[in-house]
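Tertiary structure, described
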Amino acid sequence: MRRLAALGAVGFLLAACSSAPQRPDPTPLVQPAPHIVRVAVAWQQSLGAVRMPVQLYAAGNGLAVASDDGAVGMIDVSTGQWRWRARLEAPLSAGVGSDGQHVAVLTQDNEVVVLRDGDVLWRQRLATRSLTAPLVAGERVFVYALDRSVHAFDAASGARLWQHQRPGDPLTLAQQGVLQPMGDTLLVGQGAKLAGLDPLRGSVRWEVPIATPRGTNEIERLADLVGPVGRAAQIVCARAFQAAVGCVDTRRAVLLWSKASNGSVGLAMDADQVYGVDGTDRVTAYRVRDGEVAWSLDALRFRGLTPPVAAGDSVIVGDAQGYVHFLSRRDGQIVGRAATDGSGIAAAPLLVGDRLVVLTRAGSLIAWRPE
């Protein structure tokens with residue numbers, strides 16, 4: 001069921017679409033192709049349960065992680081040893097962002113909390129909840145809220161620097177949005193548009209629509225951009241919820257192409273292809289140059305896939321049964337599979353050096369290395 005945030009006189013209320021049809025059973029697993037990718041466990045750590053929207057973020061060799069109950073930490077990716085751990089006295093709604101020094105999370109009480117070396121540096125309360133991990137970059141902390149507002153804070157002091165707010169819409173999407181740096185520009189989702197903001201002032205430099213919302217009611221017209229986005233050089237590709245996949249040339253601020261696609265999780269890309277998972281968990285590769293389909297895979301449908309990641313010769317996705325699948329970038333064949341604890345993969349896998357890191361819903365943090 002899709003969660004929506006409805007704007008009313010008292011703020012944002014979360015609702016669910018009760019008319020959503022019963023999801024079919026997951027497609028049974030098939031054996032990988034003969035050329036099998038194999039991995040071995042390099043290390044494993046344990047966190048608390050992770051049901052909130054979360055992303056794995058690494059700066060250098062430091063991996064920032066967080067769990068629902070307020071546990072936050074930094075791990076050395078090479079060794080799997082904790083650099084520091086802390087526990088906040090509040091459950092979290094989203095995490096985690098880091099520049100390697102500062103680590104930022106969001107609490108269910110709408111607080112932005114920033115830590116350094118395990119100590120809380122500052123807290124700032126927002127008027128609206130956020131389900132998007134904060135972005136820490138350029139000595140600033142950026143937060144994208146459910147009302148599509150963007151907030152900037154000084155990373156060291158927590159001083160409020162600016163706020164960007166568009167006119168309110170009847171509905172907004174209660175899901176991870178788009179918040180990403182691109183050179184000297186801050187990329188954010190503003191409804192179905194990808195916007196480039198000045199990170200120093202919060203002013204809009206450009207906006208490019210990825211999709212044109214259509215439908216007979218506000219729910220059907222909801223087409224917010226969802227994270228993560230794919231990026232290769234100056235090209236950024238994003239998914240508009242339930243509507244389209246499209247690519248933008250950020251240097252010229254023009255839409256290169258947009259293709260209809262009903263999906264709700266973000267994208268990955270390399271120099272040649274964009275990889276997406278649609279609403280039935282079909283995995284599709286689009287050509288960057290024109291948006292035409294290079295290949296499509298139905299073998300993982302209805303398995304509850306994470307956003308993909310492109311790594312080496314593979315496209316990697318996790319599923320709701322705790323498996324991680326390796327697909328060939330060339331033709332989409334399944335060329336490897338690894339199992340975890342069976343609780344489901346909580347976020348897109350992350351490649352850091354020669355380590356592939358995955359986080360499960362039960363809180364198992366596992367780093368694999370290729371055999």
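Shown above is the structure to which this text applies.
Keep in mind that what you see is a predicted model, and the values were worked out from it rather than measured.

Rules of the game
- Numbers given for residues are sequential positions, taken from 1 along each chain in its written order.
- Totals for whole chains, interfaces and linings use all residues, but because this is a predicted model, local features are given only for residues with pLDDT of at least 70 and pairs of side-chain atoms are given and counted only at 80 or more.
- As a convention, hydrogens and water are excluded, and side-chain values are obtained from all of the structure's heavy atoms.
- Numbering goes from the N terminus for both helices and strands, where a helix is a DSSP run of H or I of at least four residues and a strand is a run of E of at least two.
- Throughout, radius of gyration means the C-alpha value; the globule benchmark is 2.2 Å times the number of residues raised to the power 0.38.
- Burial status follows relative accessibility: with a 1.4 Å probe on protein chains alone, a residue under 20% of its type maximum counts as buried, one over 50% as exposed, and anything between as partly exposed.
- Residue contacts are counted whenever heavy atoms from the two residues lie within 4.5 Å of one another.
- Shrake-Rupley sampling with a 1.4 Å probe provides the accessible areas, and residues are treated as covered by the protein chains on show and by no other component.
- Asp and Glu count as negative and Lys and Arg as positive, but His and the ends of the chain are not part of the count.
- Where a charge lies is defined by one atom per residue type: Lys uses NZ, Arg uses CZ, Asp uses CG and Glu uses CD.
- At least two bridges found by DSSP between two strands is the condition for calling them paired.
- For this document, the term salt bridge refers to a Lys or Arg side-chain nitrogen within 4 Å of an Asp or Glu carboxyl oxygen.

1. Side note on the overall build of the protein chain
Along the backbone of the protein chain there are 0 helices and 35 strands. Relative to the compact-globule value of 21 Å for 371 residues, the protein chain shows a C-alpha radius of gyration of 19 Å, a close match. Residue burial in the protein chain is summarised as follows: out of 371 residues, 56% are buried. The long-range share in the protein chain, meaning contacts at least 24 apart out of those at least 6 apart in sequence, stands at 47%. Surface summary for the protein chain: the accessible area is close to 15,400 Å², and the carbon and sulfur share equals 48%. Here the protein chain holds 37 positive side-chain charges and 34 negative ones, and the gap between their average locations is 3 Å.

2. Thoughts on the pairing of strand E21 (residues 225-232)
Counting buried residues in E21 gives 6 out of 8 residues, a clear majority hidden from the surface. Taken together, E21 and the strand that follows it, strand E22 (residues 235-240), pair antiparallel across an intervening segment of 2 residues, in which alanine 233 is found at a positive phi of about 55°.

3. A short note on the pattern of salt bridges
Applying the stated criterion across every chain, the model contains 20 salt bridges. Overlapping salt bridges bring together Asp184, Asp198, Arg201 and Arg205 as one network.

4. Looking at the environment of alanine 71
For alanine 71, the position within the fold is in strand E6 (residues 71-76). Considering only alpha carbons, one finds alanine 71 and glutamine 180, 109 residues apart in sequence, at a separation of 24 Å. When residues no more than four places from it in sequence are discounted, the contact partners of alanine 71 are Val65, Ala66, Ala86 and Arg87.

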